[in-house]
Amino acid sequence: MQSIEAMTEQILYWLSLDMQVRALAERLLERFAVTVGDLPASAAHHHAEPGGLYGHSLEVALKALEEFEGNMKMEQRPDGSVDSIRSSRNRSRWQYATFTAALCHDLGKLFELEVRGKGETWCPLDEPYAQFGSRTKTPVASWRPEREHGAHAKLSSFLMHHILSRADITYLGLPRFVHLATCLSDGHSGESANPLAQTVSRADQASVEQAQPAIVAQPNNPVSLFLQALQELIENGALGVNTPGAQVYVEGDKAAVVVPVAVAQARDRLMARQIKLPPNTNLYNMLRNARLVEADQTGRSVRKIKLQGSQGPISLSALILPTDKVVPKPILSTLPPTHFEIDTEPAPEATPVVEG
């Protein structure tokens, strides 16, 4: 991730065509920083470090503004046709709405944190985090165990009174303000009809994916632990490779890991060490976001492979991973040759869910 200073400078650069917008943005960024303080964006997924929520939010805002400069279309002419945002007289207002929606998309996560200090528990509705911190001096934050995955996405609008000023709302005007409110209430759904919500969803996904390689490099990361377990199971012979009924098939630089059986064996091995992997769909998404799994054109991680079995052709569901991430190098030269084809039809899989 770029530095906070660099991202802030780029955001203000995009908004500088109208100096009124830049001035509004500078003040809004100050209020946003006071509201979220140095809180993290997730427990252990992405931007989990202190200040991660602010950094991730800036990154999403920057990516959304960059997309805005491309082909966003928002306003309709009187005859019903769509006018390009570039030629719209309200272009700078739509740009500001895009910036605001993207910056504030994860505000709802503040409800998922329990922050205590001097016997008090912070209520995000009542006051910004920095105000609570200055009063209680050394607040301690922890993630609420009862939080539901993805539920925060629809809660951000409840905290916009800390962020938006009267000047912001006046500048946006009613059409943009309605789109902003709809975007926040839609959450992170890329399937929303709201173009702002679609843009924010794509920017959020890009920010999360960009953070994944560094996260995966951490030895205690679920992806690293999963890959380590696969290698250990192959080394001790518990997972067969390129043999009849095997759980892993290797051809060149691609390793097809049969699911769910291979994942279940890796999960059991780690469970014996009191290590719990996330649910399969979440694990598959983490592998995809880390660019380790070869997803199909729709983004599905689980693929169908075809290979020749002893009784004829067989079809299996598998994750396609880099061979060197799955099979220990000394074993590669001992493997019998095999051939499999990756089907172009997507294998059944739950809709990807990304913690934003």
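Every chain is numbered on its own, with residues counted from 1 as its sequence reads. This being a predicted model, a pLDDT of at least 70 is required before a residue's local features are given, and a value of 80 or more before pairs of side-chain atoms are given or counted; all residues contribute to the totals for chains, interfaces and linings. Computation of side-chain values: all heavy atoms of the structure, hydrogens and water removed.

## Here's the deal with the packing of aromatic side chains
To be explicit about the condition: In this scheme Phe, Tyr and Trp rings, the latter by its six-membered ring, pair at centre separations within 6.5 Å, and the angle between planes marks the pair as stacked below 30 degrees, edge-to-face above 60, and tilted otherwise. Each helix corresponds to a stretch of at least 4 residues labelled H or I by DSSP, and each strand to a stretch of at least 2 residues labelled E; elements are numbered beginning at the N terminus. Think of it in three bands: residues with accessible area under 20% of the maximum for their type are buried, residues over 50% are exposed, and the middle band is partly exposed, with areas taken using a 1.4 Å probe on protein chains only. A ring has a charge above it when a Lys NZ or an Arg CZ is no more than 6 Å from the ring centre and no more than 35 degrees off the ring normal.
Within this structure, the stated rule accounts for 5 aromatic pairs. On the numbers, 5.9 Å between centres and 85° between planes, the contact of Tyr96 with Tyr171 is edge-to-face. Taken together, the residues span a long stretch of sequence, with Tyr96 in helix α4 (residues 91–103) and Tyr171 in helix α6 (residues 166–186) at a distance of 75 residues. Across the pair, exposure class does not vary: Tyr96 and Tyr171 are buried alike. Judged by centre distance (5.4 Å) and plane angle (70°), the rings of Trp122 and Tyr129 are edge-to-face. A relative accessible area of 8% means that Tyr129 is categorised as buried. By way of ring pairs, the aromatic residues Tyr96, Phe99 and Tyr171 are connected into one cluster. A cation over an aromatic ring shows up here: Arg93 above the ring of Tyr171, its NZ or CZ 4.8 Å from the ring centre. Positioned over the ring face of Trp94 is Arg176, at 5.5 Å from the centre of the ring.

## Brief notes about the environment of Leu164
Relative to the helices and strands, Leu164 is located in the loop between β5 (140–143) and α6. With relative accessibility at 13%, the residue Leu164 sits in the buried group.

## Some points on the side chain of Asp204
For clarity, the threshold we go by: In this tally Asp and Glu are treated as negative and Lys and Arg as positive; neither His nor the chain ends contributes. Take a side-chain nitrogen of Lys or Arg and a carboxyl oxygen of Asp or Glu: if they are within 4 Å of each other, that pair is a salt bridge. For the purposes of these results, a polar contact is taken to be a pair of N or O atoms within 3.5 Å, where, inside protein, one atom must be able to donate a hydrogen and its partner to accept one; residues adjacent in sequence count only when each atom of the pair is a side-chain atom.
Mapped onto the elements of the fold, Asp204 is located in helix α7 (residues 195–216). For the buried Asp204, which has no salt bridge, the nearest side chain bearing the opposite charge is Lys109, at an N-O separation of 6.8 Å. At a separation of 2.9 Å, a polar atom in the side chain of Asp204 contacts the side chain of His56.

## Some points on the sheet that holds β5
Short version of the rule: In this description, strands pair whenever DSSP reports at least two bridges between them. Contacts are assigned to residue pairs that have any heavy atoms within 4.5 Å of one another. Structural elements are reduced to axes, namely lines fitted to C-alpha atoms, with helices fitted over the stretch in contact, and the angle between N-to-C directions of any two is expressed from 0 to 180 degrees.
Ordered by their spatial adjacency, 3 strands build an open sheet running β4-β3-β5, and the pairing between neighbours is antiparallel. Of all the strands in the sheet, the pair left with one neighbour each is β4 (120–121) and β5. Of the strand pairs in this sheet, strand β3 (residues 113–117) and β5 are connected by 4 bridges, and their pairing is antiparallel. Paired with Leu113 across the strands is Trp143, a residue of β5. Strand contacts of helix α5 (residues 129–136): β3 and β4, with the helix running at about 30° to β3, the strand carrying the most contacts.

## Looking at the nonpolar core
It is characteristic of soluble globular proteins that their nonpolar side chains tend to be buried jointly. Where we set the bar: Only buried residues count toward a nonpolar core, which is a set of Ala, Val, Leu, Ile, Met, Phe, Trp, Tyr and Cys residues joined through side-chain atoms within 4.5 Å.
The biggest cluster of nonpolar side chains holds 49 residues, and the ones touching the most others in it are Tyr96, Phe99, Leu103 and Leu107. With sequence-adjacent residues up to four places away left out, Leu107 is seen in contact with Phe32, Thr35, Val36, Ser156, Leu159, Met160 and Ile163. In terms of nonpolar packing, the next biggest core, distinct from the first, is built from 34 residues, Phe226, Leu227, Ala266 and Leu283 among them.

## Things to note about the packing of helix α1 (residues 4–14) against helix α3 (residues 52–68)
Helix-helix packing is described using two parameters, namely the angle between the two axes and the distance between the axes. Selection criterion: Each crossing gets its handedness from the near helix: less than a right angle anticlockwise from the far helix is left-handed, clockwise is right-handed.
Where α1 contacts α3, the two axes come as close as 10 Å, and the packing angle between them is 30°. Crossing geometry of α1 relative to α3 is assigned as left-handed. Contacts between α1 and α3 involve Ile4, Met7, Thr8, Gln10, Ile11 and Trp14 from the first element and Tyr54, Gly55, Leu58, Glu59, Ala61, Leu62, Leu65 and Glu66 from the second.

## A look at unusual backbone geometry
Cis peptide bonds are those with omega within 30 degrees of zero, and the linkage from Val259 to Pro260 qualifies with 5°. Assignment of secondary structure puts Pro260 in the loop between β7 (254–258) and α9 (261–271). Phi angles above zero are rare outside glycine, and Lys137 is one such case at about 70°. Secondary-structure assignment places Lys137 in the loop between α5 and β5.

## Some details on the packing of helix α2 (residues 19–36) against α6
Selection criterion: Between 65 and 115 degrees an angle is taken as roughly perpendicular, under 35 as roughly parallel, over 145 as roughly antiparallel, and anywhere else as oblique. Lys, Arg, Asp and Glu make up the charged group, whereas Ala, Val, Leu, Ile, Met, Phe, Trp, Tyr, Cys and Pro make up the nonpolar group; the residues left over, Gly among them, are polar.
Here α2 crosses α6 at 140°, and the two axes come no closer than 10 Å. In terms of axis orientation, α2 runs oblique to α6. Between α2 and α6 lies a crossing whose hand is left-handed. Residues Gln20, Val21, Leu24, Leu28 and Arg31 of α2 touch α6, and the partners they reach there are Ala167, Asp168 and Tyr171. Here the residues of the contact of α2 with α6 sort into 5 nonpolar, 1 polar and 2 charged.

## A look at the environment of Lys329
Relative to the assigned elements, Lys329 resides in helix α12 (residues 329–332). Of the residues examined, Lys329 reaches a relative accessible area of 70% and is grouped as exposed. For the pair formed by Lys329 and Gln231, sequence separation is 98 residues and the distance between their alpha carbons is 9.7 Å.

## So, helix α8 (residues 222–235)
Test applied: Here the expected span of a helix is defined as 1.5 Å times the quantity of residues minus one.
In this model α8 runs 20 Å from its N-terminal to its C-terminal C-alpha over 14 residues, within 8% of the 20 Å that 1.5 Å per residue would give. Taken across its 14 residues, α8 has 10 buried, putting it largely inside the fold. Regarding α8, the residues found buried are Val223, Ser224, Leu225, Phe226, Leu227, Ala229, Leu230, Glu232, Leu233 and Ile234. Its side-chain oxygen placed 2.9 Å from the backbone nitrogen of Val223, Asn221 serves as the N-cap of α8. A positive phi of about 85° marks Gly237, the residue just after α8.

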